[in-house]
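Examination of the molecular architecture
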Amino acid sequence: NQRSLQQATPGQPGVPFIPQIPAIPQGNPLERLCVLDYTDPASCAGKAEIIMNPGDYFQMDCAARGACAQSTTTFQYDTSSASLYIDAVVFSEEYAGYGATIVVENTRPGNQVVLNKLECKAPGACQGLTIILKNADLNELDCSDPNFCSACFIK
């Protein structure tokens, strides 16, 4: 007895019903990986970037020495976005976010966007980092050593 699930209709006796899983909206980025050392011209260091309407679960990783140093990354949310949070921005290597600026700019009326976690995991990783929150909030700052985050500002 072979039945195709495509032929089955919900409620038919003996046929299992499997609900649809909601799709993640296409076009909303879910990650930004910066894994090249600051000396590599293709690295994220020293660059300005706007990421429009990143999806929930979005994570940015600066995972090389100076990978995002002196960069400006702006997360912009407009009325076409239903996203409510950024999962994490992680600076995991020495000076990965040195002198960088992270802007979370939400122009939607109503709910704020939340940056769930900002992580600074190495010496100088967030030294001189500036976080600018516009109709947004930061849930958790993980900076286990003061040397990892000296002169870090949240506005």
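Just above sits the structure.
Description of the structure in this document. Everything numeric here is computed off the predicted structure, so don't read it as measured data. (Residues numbered from 1 in each chain as written. Predicted model: local features only at pLDDT ≥ 70, side-chain atom pairs only at ≥ 80, totals over all residues. Heavy atoms only, no water.)

We now examine the pattern of salt bridges. Considering all chains together, one arrives at four salt bridges under this definition. Where Glu-94 meets Arg-65, a salt bridge forms, and the shortest distance between an N and an O atom there is 2.7 Å. In this pair, Glu-94 is assigned in the loop between strand 5 (85-91) and strand 6 (101-106) and Arg-65 in the loop between strand 3 (59-62) and strand 4 (72-77), connecting sequence segments 29 residues apart. Residue Arg-65 is classed as partly exposed on the basis of its relative accessible area of 37%. For Glu-119, the salt bridge identified is with Lys-121, shortest N-O distance 3.4 Å. (Salt bridge = Lys/Arg side-chain N within 4 Å of Asp/Glu carboxyl O. Helix = DSSP H or I, 4+ residues; strand = E, 2+ residues; numbered from the N terminus. Buried < 20%, exposed > 50% of the residue type's maximum accessible area, 1.4 Å probe, protein only.)

The bulk of non-glycine residues show a negative phi, and the bulk of peptide bonds are trans. Phi is positive for Asn-135, close to 55 degrees, though the residue is something other than glycine. Among the structural elements, Asn-135 can be located in the loop between strand 8 (130-134) and strand 9 (136-143). At Ala-151, a position not held by glycine, the phi torsion is positive, near 60 degrees. Along the chain, Ala-151 turns up in the loop between strand 9 and strand 10 (153-154).

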